[in-house]
Structure formats: structure tokens, C-alpha cells
Amino acid sequence: MKADIKSLTQEELTEALRLMGEPAFRGGQIISWLHRGARSFSEMSNLSKALREKLDERFYITVPVVARKQCSRLDGTIKYLWELRDGNCIETVLMSYHHGNTVCISSQVGCRMGCSFCASTVAGKVRDLTPSEMLDQVLFTQLDSGCEISNIVLMGIGEPMDNLTNVLTFLELVNHPNGLHIGMRHISLSTCGVIPGIETLEKKNLQLTLSVSLHAPDSETRAQIMPVNRAYDVEALFAACHHYFKTTGRRISFEYAMIDGVNDSDWQADLIAKHLRGMPGHVNLIPLNDVVESAFKPSKRMAAFQKRLESHGITATVRRSLGGDIDASCGQLRRKAMEEQKGGIDHI
Ligand code: SAH
């Protein structure tokens, strides 16, 4: 059985090389090749032929294939559907803003969190992504599009806190100076509210931005739309957020998809304000994307809700919607491809 070389940290790779009788600096050389998108060991021209052959016997290099690619005519957003080594597919979205290019990556194949408004979770979770498969989304999106990536958001398919070990390794890899070298300040990680994950991240004290998908400030509503609330309710979630802020000093961003008649009342804005007292939170109001499988409709009260939050001194923004013409929201393209071609994916 060959091992996945791109998922190894420099430390792990150096140790594997030491056991093969190789000097430590080879680790850095190999990482440079892998993180620039090398597809085979034979490309690694500064390694001896004997070493390249030995590596090839022990390791494989992941290379995702573009299964589908959609480019928005409205705003240049590009959505990739990648086919992985085992035939599973995942989505990545590339968005251009005036401050740079942001890539939104997936952390799992599917999701088991069960949020009732989200397309990613409809067919459940298939498996976790490896660190290399997360790195590849950034790397091959950059290579295919020719756009240099400056920011990463872990807001695609999957729950990062449900695959945290691999996510943390990915963060180390993407930060590597021989590779993409993207700093923590340019990375956001979004969770539906898995408290042990928030606590682990707090201990790591990374400089990334934590986003929490709130979507309702009262446990009754939240439990109806987000099953995770039955394990970690709103009170416990805000207690964990306050603790995170106290320890790290880092402002948390709260995601709030506005659903007609469900979470868009003034009393809910007031309750958000109450929960946020003592913490400089930022609330990001998201227009609900219509998901075929759900009965929820977008709210018509976004501006009023934003005003209500602002009247309490809370920073609230309405997220600009990109890629409206290309199924660019979570899980939609993967769902569509699964529906359309139960027999397999056509490559472009
Ligand atoms: N599992 C993580 C990462 C996914 S991020 C999390 O829940 O945070 C994707 C974001 O898009 C989450 O805030 C999610 O709740 C939101 N989302 C999912 N379906 C949506 C929809 N139909 N409309 C708007 N936002 C949606």
C-alpha cells in the first residue's frame, strides 16, 4: 500500500526520508515540488533517479481532475467540480474581490450535520478529505485559473470541525514557505457550532478568523433547522464563543442565512444583540439560496433586520451574492452532477 506523500508535514516527510537514509534537506525540496503541483516523482529533477524510484515505490501523489467547470458571466466566479482519486467529487469556488482572489474549499465529501436548508448534507457524509485533497483545491484552482489565490475560506462542503485533525494539517501545509505560503490572517474557518472543535482551535490560538453559522439565536428555532443544536445549544455555543474571544482576542464572525418567517423577526435580532454583549461580533447576513430539496424561502426583511442589529451597536453586513448563474452555493453543483449522471462524471 502506497502512502499519500502530499498529506505529510515537513517533519513527517523528513522522518520518512531519514528512515530511507536521506538527508533532512530533501524534505524541503520535495515539498517545493509537491506544493507547486508536480504530478509525478519523475519531474523532481534535483533528486537522484534512485531516490525518485524509491519514492515512487512508497508514495503516490494526488492529482484531482476537473470533472466540471462553470464560469459566471456576471462576476467571473468560477466553480470547479473535482474528481478525486477514488472517484468521489467535491466542489471549490473561486471568487474575485477587489482585495484579491478567494477560494472556498470543501473539507469533506458530503456532510453529516443535517442542516435543513443546506444542499451539502442531503445525501449525508461519504468521507473526510485528506490534507492533500484540501491543499489540492487551492493549488489546482490557482494553476487551472491562472489567478493567484490570496485568501481561503473553509466554507464549502463539509464541517471542518468534524475533520479537524486533517484540517489542522492542511493549515500547516498551505502556510509552508516553500509552497503557497498563505498566512493564517488570510484564512477563515466556518463551523455550524461544534463546541469541542472551537475549544481545540482556541488552544491552538491561530490567527485565522473563526466563523460560526448561527442562523437562529434561540434554541427552539435553531434545533429545528440545525440538528447540531441538540448536542450543543445556543447558550453553550455563545459561552464557548465568549471564552474563545477572551483567550484569543479575535473577533468571531457569525453567519446568518435569512429565512422567511423562520429567523427574520425583530425579537431574534434583539436576542442576537443580547448574546453578543461583551464581545465585538460581526454578523454576516446571507440571502438564503433556494435549495430544491427544501421548503424554505429567502427572507424579505434583510434590510430591516440589519437596521435592528445596528440599532444595538452591532456590525452587520449583507453578503454580496456571487455566481448567481452557476449553482455556486454550497453543495449545489455536486448535487446536480449526482442527479444528472448516476452513471458517472463526464470530464471536460
Ligand atoms: N459546515 C460549516 C461549513 C460550511 S460553510 C458551517 O456550517 O459553517 C457554508 C455556509 O453556508 C454555512 O454558514 C451554511 O450554513 C451556509 N448555507 C448553507 N446552505 C445555505 C443556503 N441554502 N443559503 C445560504 N447559506 C447557506
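Values in this document were obtained by computation on a predicted structure and should not be read as measured data.

Asker: Is there a simple way to explain the overall build of the protein in this structure?
Answerer: A tally of regular secondary structure across the protein gives 12 helices and 14 strands. In terms of C-alpha radius of gyration, the protein reaches 21 Å, essentially the compact-globule figure of 20 Å for 348 residues. Its C-alpha atoms give the protein principal-axis dimensions of about 70 × 45 × 35 Å. Sorting the 348 residues of the protein into buried and exposed places 55% on the buried side. Long-range contacts, defined as pairs at least 24 residues apart, comprise 67% of the intrachain contacts of the protein with a sequence gap of at least 6.

Asker: For this particular structure, what's the right way to read the site of the ligand?
Answerer: In the vicinity of the ligand lie 20 residues, with Glu 159, Ser 190, Ser 213, His 215 and Asn 289 positioned nearest. In the environment of the ligand, an oxygen atom lies 2.6 Å from a nitrogen or oxygen atom belonging to the side chain of His 215. Asn 289 places a polar main-chain atom, nitrogen or oxygen, 2.9 Å from a nitrogen atom of the ligand. Expressed as a share of its isolated accessible area of 530 Å², the protein-covered part of the ligand is 94%. For the shell around the ligand, the secondary-structure elements that each account for two or more residues are strand S10 (187–191), strand S12 (253–258) and strand S13 (282–287). Looking at the shell around the ligand, its residues break down into 11 nonpolar, seven polar and two charged.

Asker: Looking at this structure, I do not really get helix H9 (residues 234–248). What am I missing?
Answerer: Each turn of an α-helix holds 3.6 residues, which means side chains three or four residues apart point in the same direction. With 15 residues, H9 extends 21 Å between its outermost C-alpha atoms, agreeing within 8% with the 21 Å of an ideal straight helix rising 1.5 Å per residue. Among the residues of H9, Val 234, Leu 237, Phe 238, Ala 240, Cys 241, His 242, Tyr 244 and Thr 248 are the ones counted as buried. If you check the start of H9, you find a side-chain oxygen 3.3 Å away from the backbone N of Glu 235, and it comes from Asp 233. One or two steps after H9, the chain reaches Gly 249, where phi turns positive at roughly 70°.

Asker: Looking at this model, I keep getting lost on the nonpolar core. Mind explaining?
Answerer: Note on soluble globular proteins: their nonpolar side chains tend to be buried together. Core analysis: the biggest nonpolar cluster contains 74 residues, and Val 138, Ile 152, Phe 170, Leu 210, Phe 254, Val 283 and Leu 309 have the highest contact counts within it. With sequence-adjacent residues up to four places away left out, Val 283 is seen in contact with Phe 254, Tyr 256, Ile 272, Leu 276, Leu 309, Ile 314, Thr 315, Ala 316 and Thr 317.

Asker: Explain the packing of helix H4 (residues 131–145) against helix H5 (residues 164–174) here, please?
Answerer: A packed helix pair is summarised by two numbers, namely the angle formed by the two axes and the spacing between the axes. Between H4 and H5, the shortest axis-to-axis distance is 8 Å and the interhelical angle comes to 45°. Compared by their axis directions, H4 and H5 come out oblique. Note on packing geometry: the crossing formed by H4 with H5 is right-handed. Here Pro 131, Met 134, Leu 135 and Val 138 of H4 come into contact with H5, specifically with Asn 166, Val 167, Thr 169, Phe 170, Leu 173 and Val 174.

Asker: Would you mind showing me how to read the sheet that holds strand S3 (residues 65–71) here?
Answerer: Backbone-to-backbone hydrogen bonds join strands into a sheet, with any given pair of strands oriented parallel or antiparallel. Judged by pairing direction, the sheet is mixed, and its 10 strands sit side by side in the order S3-S4-S5-S6-S9-S10-S11-S12-S13-S14 without closing on themselves. A strand with exactly one partner marks an edge of an open sheet, and here the two such strands are S3 and strand S14 (315–318). Pairwise comparison of adjacent strand axes, ignoring direction, gives a mean angle of 25° for this sheet. Bridge analysis of strand S9 (residues 149–154) against S10 gives three bridges, and the strand direction is parallel. The residue of S10 that forms the bridge with Leu 154 is Leu 189. Lying over the sheet, H4 contacts S3, strand S4 (78–83), strand S5 (89–97), strand S6 (100–104) and S9, oriented at roughly 125° with respect to S4.

Asker: Mind showing me how you'd approach the side chain of Glu 91 here?
Answerer: Its place among the elements puts Glu 91 in strand S5. By relative accessible area, which is 4% here, Glu 91 ends up buried. At 2.5 Å, the side chain of Glu 91 and the side chain of Lys 79 are in polar contact.

Rules of the game
- Residues numbered from 1 in each chain as written.
- Predicted model: local features only at pLDDT ≥ 70, side-chain atom pairs only at ≥ 80, totals over all residues.
- Heavy atoms only, no water.
- Helix = DSSP H or I, 4+ residues; strand = E, 2+ residues; numbered from the N terminus.
- Rg over C-alpha atoms; globule rule 2.2 N^0.38 Å.
- Buried < 20%, exposed > 50% of the residue type's maximum accessible area, 1.4 Å probe, protein only.
- Contact = heavy atoms within 4.5 Å.
- Near = heavy atom within 4 Å.
- Polar contact = N/O pair within 3.5 Å; in protein donor to acceptor, adjacent residues only side chain to side chain.
- Areas by Shrake-Rupley, 256 points an atom, 1.4 Å probe, with all protein chains shown as cover.
- Nonpolar A, V, L, I, M, F, W, Y, C, P; charged D, E, K, R; others polar.
- Expected span 1.5 Å × (residues − 1).
- Core = buried A, V, L, I, M, F, W, Y, C linked by side-chain atoms within 4.5 Å.
- Axes fitted to C-alpha atoms, helices over the stretch in contact; angles between N-to-C directions.
- Parallel < 35°, antiparallel > 145°, perpendicular 65-115°, else oblique.
- Left-handed = near helix turned anticlockwise from the far one by under 90°.
- Pairing = 2+ DSSP bridges.

These results come straight from atomic positions and should not be treated as a statement about function.
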